[in-house]
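Chain and residue survey
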Amino acid sequence: MKPITRIVFAAVFALALAACDGGDAPPDTSRPTAGADEGGTGGSRKGDFGPPRGKPVEAVLTSPPHVPPPTGRDYPAKVVVELEVIEKVMPISEGVDYTFWTFGGTVPGSFIRVRQGDTVEFHLRNMPDSKMPHNIDLHGVTGPGGGATSSFTAPGHVTRFSFKALNAGLYVYHCATAPVGMHVANGMYGLILVEPPEGLPPVDKEYYVMQGDFYTTGKYREKGLQGFDMEKAIDENPTYVLFNGSEGSLTGDKVLTANTGENVRLYVGNGGPNLVSSFHVIGEIFDKVWYEGGTKYQENVQTTLIPSGGAAMMEFHMEVPGSYVLVDHSLFRAFNKGALGILQASGPEDKSIYSGLEVDAVYIGDRAQANMQAVTVAAEAASTGDLTIEDQIKAGEALFLGTCSTCHQASGAGMEGVFPPLAHSDYIAADPKAVPRVILHGLEGPVTVNGTDYNSIMPPMSQLTDDEVANISTYVLNSWGNPGGHVTKAEAAEIRKVKPANASAGH
Amino acid sequence: MIRRAATIALLLALPVAGVVAGNGAGGDYATLPGGSFRSALDYEDIPGNVRVAPFAMMKRPVTNGEFLAFVQANPQWRRDRVPSVMAEQRYLSHWAGPLELGTDATAAQPVVQVSWFAAAAYCEARGARLPSWNEWEYAAAADETRRDARKDPVWRERILAWYSRPSSSALPRAGLQTPNAYGVQDLHGLVWEWTDDYSSLLVAVDSRKQGDPDNARFCGAGALSMDDRDNYAVLMRVAMLSSLDAPDTTANLGFRCVKDLP
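This report concerns the structure included in the present document. None of these values were measured; they are calculated from a predicted model.

1. Regarding the overall build of chain B
- For chain B, the count of helices and strands is 6 helices and 9 strands.
- With 262 residues in all, chain B has 52% of them scored as buried.
- Taking the intrachain contacts of chain B between residues at least 6 apart in sequence as the baseline, contacts between residues at least 24 apart amount to 76%.
- For chain B, the accessible area works out to roughly 11200 Å², and carbon and sulfur atoms hold 56% of it.

2. Points about the packing of aromatic side chains
- Counted by the stated rule, this structure contains 29 aromatic pairs over all chains.
- Note on Y98(A) and F100(A): the rings are 5.1 Å apart at their centroids and 70° apart in plane angle, and the pair reads as edge-to-face. Exposure class is identical for Y98(A) and F100(A). Each is buried.
- With a centroid separation of 5.3 Å and an interplanar angle of 75°, the aromatic rings of F103(A) and Y173(A) are classed as edge-to-face. You can see F103(A) sitting in strand β3 (residues 96–103) and its partner Y173(A) sitting in strand β8 (residues 169–174), a full 70 residues away along the chain.
- Through successive ring pairs, a cluster of aromatic residues spans F67(B), F70(B), W95(B), Y122(B) and F255(B).
- The ring of Y75(A) carries the charged tip of R73(A) above its face, separated from the ring centre by 5.9 Å.

3. Some points on the state of the cysteines
- Taken as a whole, this structure holds 1 disulfide over all chains when the rule is applied.
- Bridging C123(B) to C257(B), the disulfide has an S-S length of 2.1 Å. As the torsion about the S-S bond is roughly -85°, the C123(B)-C257(B) disulfide counts as left-handed. Of this pair, C123(B) sits in helix α3 (residues 116–125) while C257(B) sits in the loop between β8 (253–254) and β9 (258–260), and the two are 134 residues apart along the sequence.
- By relative accessible area, which is 0% here, C257(B) ends up buried.
- Note on C407(A): no disulfide assigned, nearest cysteine sulfur contributed by C404(A) at a separation of 9.0 Å.

4. Re the sheet that holds strand β9 (residues 189–195) of chain A
Residues and elements named next belong to chain A.
- In spatial order, the strands read β4-β9-β8-β6; together these 4 strands make up an open sheet with mixed pairing. Only two strands of the sheet have a single neighbouring strand rather than two, namely β4 (112–115) and β6 (137–138).
- By the bridge criterion, 2 bridges tie β6 to β8 in an arrangement that is antiparallel. Looking at β8, one finds that D137 is bridged to H174.

5. Comments concerning the environment of G272(A)
Residue and element names in this part refer to chain A.
- Checked against the element boundaries, G272 lands in strand β14 (residues 263–272).
- Residue classification places G272 among the buried residues on the basis of a relative accessible area of 0%.
- Considered as a pair, G272 and T406 are 134 residues apart in the sequence and their alpha carbons are 39 Å apart.
- Residues contacting G272, with those up to four places away along its chain left out, are V184, Y189, Q211, G212, D213 and S308.

6. Re the packing of helix α9 (residues 434–441) of chain A against helix α10 (residues 466–477) of chain A
Residues and elements named next belong to chain A.
- With their axes 9 Å apart at the nearest point, α9 and α10 run at an angle of 135° to one another. The orientation of α9 relative to α10 falls into the category oblique. Viewed along their axes, α9 and α10 form a crossing whose handedness is right-handed. Side by side, α9 and α10 meet where V435, P436, I439 and L440 of the first sit next to V469, I472, S473, V476 and L477 of the second.
- Along the lines of polarity and charge, the residues of the contact of α9 with α10 split into 8 nonpolar, 1 polar and no charged.

7. Thoughts on the side chain of E247(A)
Residues and elements named next belong to chain A.
- In this fold, E247 is placed in the loop between β12 (240–243) and β13 (256–259).
- Under the relative-accessibility criterion, E247 is labelled buried at 16%.
- Polar side-chain contacts of E247 include one of 2.7 Å to the side chain of S93.
- In this structure the side chain of E247 is engaged in a polar contact, spanning 3.3 Å, whose partner is the side chain of R221.

8. Here's the deal with the environment of M318(A)
Residue and element names in this part refer to chain A.
- Along the chain, M318 falls in the loop between β19 (310–317) and β20 (322–328).
- C-alpha of M318 to C-alpha of N263: the two residues are 55 residues apart in sequence and 6.4 Å apart in space.
- Excluding its chain neighbours within four sequence positions, the residues that come into contact with M318 are A258, N259, T260, G261, E262, V264, E284, Y324, L343 and A345.

9. Re the sheet that holds strand β5 (residues 55–58) of chain B
Residues and elements named next belong to chain B.
- Taken together, the 3 strands give an open sheet; going across it, the order is β1-β5-β9, and neighbouring strands pair in antiparallel fashion. Across the chains shown, the open sheet's two edge strands, defined by having one partner strand only, are β1 (29–32) and β9. Adjacent strand axes in the sheet meet at a mean angle of 25°, parallel and antiparallel pairs treated alike.
- Bridge analysis of β5 against β9 gives 3 bridges, and the strand direction is antiparallel. By the bridge assignment, M57 is partnered in β9 with V258.
- Packing of helix α4 (residues 133–140) onto the sheet brings it into contact with β1, β5 and β9, and relative to β5 it is tilted by some 75°.

10. Re the pairing of strand β16 (residues 286–290) of chain A
Residue and element names in this part refer to chain A.
- Burial of β16 is extensive: 4 of the 5 residues sit out of reach of the surface.
- Pairing between β16 and β19: 3 bridges, direction antiparallel. Bridge pairing in β19 links W290 to M313.

11. What to know about helix α6 (residues 389–402) of chain A
Residues and elements named next belong to chain A.
- Counted at 1.5 Å a residue, the expected span for α6 with its 14 residues is 20 Å, and the 20 Å between its end C-alpha atoms agrees.
- Every buried residue of α6 is accounted for by D391, Q392, A395, G396, L399, F400 and G402. One face of α6 carries all of its buried residues, which in axial projection span an arc of 160°. In α6, the exposed positions that point more than 90 degrees away from the buried face belong to E390 and K394.

12. Considerations on the pattern of salt bridges
- For the structure on display, the rule yields 29 salt bridges over all chains.
- Linking E468(A) and R173(B) is a salt bridge whose minimum nitrogen-to-oxygen distance equals 2.5 Å. Taken together, the residues span two chains, with E468(A) in helix α10 and R173(B) in the loop between α5 (153–163) and β6 (192–193).
- When its relative accessible area of 9% is taken as the criterion, E468(A) is described as buried.

13. Observations regarding unusual backbone geometry
All names here are of chain A.
- Here the bond from A178 into P179 is cis, since omega is -10°, no more than 30 degrees from zero.
- Take P179: it is sitting in the loop between β8 and α2 (180–185).
- Note the cis peptide between G272 and P273, where omega equals 15°.
- By secondary structure assignment, the location of P273 is in the loop between β14 and β15 (277–282).
- Backbone geometry at N244 places phi at a positive 55°, although glycine is not the residue there.
- For N244, a relative accessible area of 7% corresponds to the buried category.
- In this model, E292 sits at a positive phi of 55°, which is unusual for a non-glycine residue.
- Here E292 shows up in the loop between β16 and β17 (298–301).

Rules used in this analysis
- Note on numbering: residues in each chain are counted from 1, in written sequence order.
- Going through the entries in the order they are written, you letter the chains from A and number the ligands from 1.
- Only residues with pLDDT of 70 or above have their local features reported here, since the model is predicted, and side-chain atom pairs are shown and tallied only from 80 upward, although totals for entire chains, interfaces and linings are computed over all residues.
- To get the side-chain values, all heavy atoms of the structure are used, and hydrogens and water are removed first.
- By definition, any uninterrupted DSSP run of H or I lasting at least four residues is a helix, any uninterrupted run of E lasting at least two residues is a strand, and each is numbered from the N terminus.
- A 1.4 Å probe rolled over the protein chains alone gives each residue an accessible area, and that area as a share of the maximum for its type sets the label: buried under 20%, exposed over 50%, partly exposed in between.
- The contact criterion used is simple: two residues touch if any of their non-hydrogen atoms lie within 4.5 Å.
- Note that accessible areas follow from Shrake-Rupley with a 1.4 Å probe, and for residues the cover is restricted to the protein chains shown.
- Side-chain rings of Phe, Tyr and Trp (the six-membered ring for Trp) are treated as a pair once their centres are within 6.5 Å; stacked means planes under 30 degrees apart, edge-to-face means over 60, and tilted covers the remaining angles.
- Here, a charge over a ring is recorded when the distance from Lys NZ or Arg CZ to the ring centre is within 6 Å and its angle to the ring normal is within 35 degrees.
- The criterion for a disulfide is a pair of cysteine sulfur atoms lying within 2.5 Å.
- Here a strand pair is declared whenever DSSP counts at least two bridges between the two strands.
- In this analysis an axis means a line fitted to C-alpha atoms, helices contributing only their contacting stretch, and an angle means the value between N-to-C directions, from 0 to 180 degrees.
- To sort the angles, those under 35 degrees are grouped as roughly parallel, those over 145 as roughly antiparallel, those from 65 to 115 as roughly perpendicular, and the leftovers as oblique.
- Two helices cross in a left-handed way if the nearer one is turned anticlockwise from the farther one by less than a right angle. They cross in a right-handed way if the turn is clockwise.
- All residues other than Ala, Val, Leu, Ile, Met, Phe, Trp, Tyr, Cys, Pro, Asp, Glu, Lys and Arg, Gly among them, are scored as polar; the first ten of these are nonpolar and the last four charged.
- Each polar contact in these results corresponds to two N or O atoms within 3.5 Å; when the atoms are within protein, one needs to be able to donate a hydrogen and the other to accept it, and residues that are neighboring in sequence are counted only if both atoms are side-chain atoms.
- Expected helix span is given by 1.5 Å per residue-to-residue step, counting one fewer step than there are residues.
- Summarising the geometry, the arc corresponds to the directions from the helix axis toward the C-beta atoms.
- By convention in these notes, a salt bridge is any Lys or Arg side-chain nitrogen within 4 Å of a carboxyl oxygen on Asp or Glu.

Written out as structure tokens, the structure reads:
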């Protein structure tokens with residue numbers, strides 16, 4: 001048994017190495033070449049079904065989240081697509097407007113549906129009131145620029161070019177006019193579906209969803225008309241990550257709907273310009289995913305990665321009614337930047353599949369109760385007069401965590417430029433008695449600690465007892481490389497009486 | 001026999017007296033001016049700002065010592081006598097006995113493991129009431145120097161730092177932290193606090209569904225969603241309160257009372 005295992009391993013290694021040495025290796029003639037053979041569709045080489053037949057067809061274009069009906073054809077046709085570029089102000093969130101640049105007046109742009117082998121005659125119109133010239137790069141086009149080299153359209157112009165859709169699949173289209181990233185960030189993308197010759201399996205509902213990242217000069221949900229922020233875009237730090245171009249485009253009264261017992265297919269694209277989407281529907285498992293919008297499907301998928309400038313189709317069967325939440329599972333995008341939509345399924349409950357809440361009972365774990373032992377011990381020791389520095393440090397640590405650590409951090413590191421560090425502090429080393437003094441009287445005005453200037457206000461902690469001040473001070477003096485020493489209750493009481501010049505105002 | 005009873009009474013009285021003397025009376029209130037402010041919650045029936053009438057708020061949460069005095073005076077709130085519909089089995093379970101704090105509960109620590117019913121009864125007995133969510137939020141928007149520090153990311157981080165501290169360590173005493181601009185202490189960084197109207201803080205069970213038509217069920221005063229999603233500090237407090245029923249208690253949940261001002 002063992003020698004065989006070893007041989008298998010060796011073979012795996014050899015393969016891995018072969019895969020790594022890239023272009024230098026001689027072509028491996030023993031392996032079949034990819035493409036027009038068993039399992040493959042033949043791609044573009046088998047995608048030309050001859051010249052268009054019949055009368056030219058006007059493409060049905062739909063706004064998101066709707067999808068045009070299947071072409072229903074079994075022959076190649078000439079399909080005329082007329083798409084209009086419109087620059088317009090639309091809400092990106094409630095009370096927040098943004099100047100979008102659109103294909104067809106929506107973000108994402110109109111959904112285009114053709115059949116493999118169709119000849120597409122593409123008319124791109126740029127509205128006369130547009131500020132910018134635009135063009136279009138369709139990822140479903142075979143040819144330089146994907147159409148961009150033939151569609152550069154000035155405001156108030158229309159251009160035309162034709163292409164044969166040789167590859168079946170779901171493709172992103174987008175504007176490719178410089179600065180490309182900015183045109184895309186303003187919403188200039190959409191999807192074109194090239195059906196395989198036999199069409200796609202019929203389903204009950206089809207929807208069109210596209211993710212995009214947006215960069216506004218104002219903060220998330222800052223009201224008013226927001227401009228495009230190039231710097232944030234270059235930093236890939238979006239203000240919004242959205243489905244279908246606006247927060248709320250798929251929630252409220254605009255949710256996607258389906259009934260239990262139905263098959264749903266989503267056509268999901270990612271316009272980017274920067275982020276990759278971890279697309280997920282909470283509470284559903286994709287029965288099938290045509291990942292990257294290609295021909296083969298994977299089954300039983302939880303989350304599928306959709307690259308920027310890529311797409312995927314997914315299909316699932318609805319069993320249980322309720323709300324299913326579409327998210328980018330990079331979750332802060334979903335809950336803090338807007339990448340969220342709802343699919344609402346109606347129909348009778350099926351408790352055998354999902355019961356709903358069955359029990360909410362008291363649960364008593366076996367965790368021990370926390371206790372204030374250190375502080376109690378210190379208090380007792382102080383009252384009997386035999387308080388050691390160790391007792392004080394222990395008590396001081398508990399007290400420090402309960403009050404000082406919110407600003408100075410549990411590690412004593414503070415926050416650079418805002419809250420001075422207590423750890424390895426040259427300020428404390430120079431004047432250890434500053435610790436109880438600042439605790440009791442606060443501090444206002446500029447100080448320099450470890451080479452950094454601070455100029456904020458620490459309020460006086462006069463609510464602390466003399467014991468507490470002594471213990472916290474002793475803890476700080478004996479921690480994080482500070483010089484050591486200790487402060488007694490009597491010293492704290494003395495310091496409390498003398499207000500220094502740089503004390504801050506109390507209440 | 002008589003001597004022993006007297007000793008017990010003295011012992012019981014001591015911690016309470018200590019608190020009253022040491023930290024100002026348990027009924028020590030700060031006065032808050034009324035005002036209009038933007039709640040972090042989005043009320044469907046109240047567009048824009050929320051109005052808060054002037055009120056007085058306890059400077060710090062009610063302590064074990066103070067609550068013990070209340071239970072002594074109102075034995076129906078002893079943990080061995082309270083009806084289970086008013087307080088679940090963990091009610092005051094950190095105390096050594098029904099009328100004894102013991103080593104795990106110091107008199108100066110905020111009382112926890114109290115149900116909403118018990119908290120409301122305590123305030124009523126003091127001629128006060130639990131604060132509304134908006135009153136609590138209004139007071140808690142302040143830091144040490146500003147009445148509304150909520151937009152300050154540094155302040156938010158300070159609040160969140162408390163959330164990341166493990167709850168296995170003992171609670172500090174009430175009143176340890178610096179008072180805020182209104183003179184109120186411990187609104188953050190110590191314990192969660194009951195509010196009178198906590199049960200109307202309906203956060204959808206699965207809060208990922210904002211804007212969901214399901215929420216239509218909750219319309220009216222209770223229907224709300226987070227208006228200020230950066231403000232995790234508030235979001236987490238609301239989520240915590242909305243997970244509870246009135247007899248529930250937790251190891252980090254206490255309360256304080258407020259009074260209306262004439």
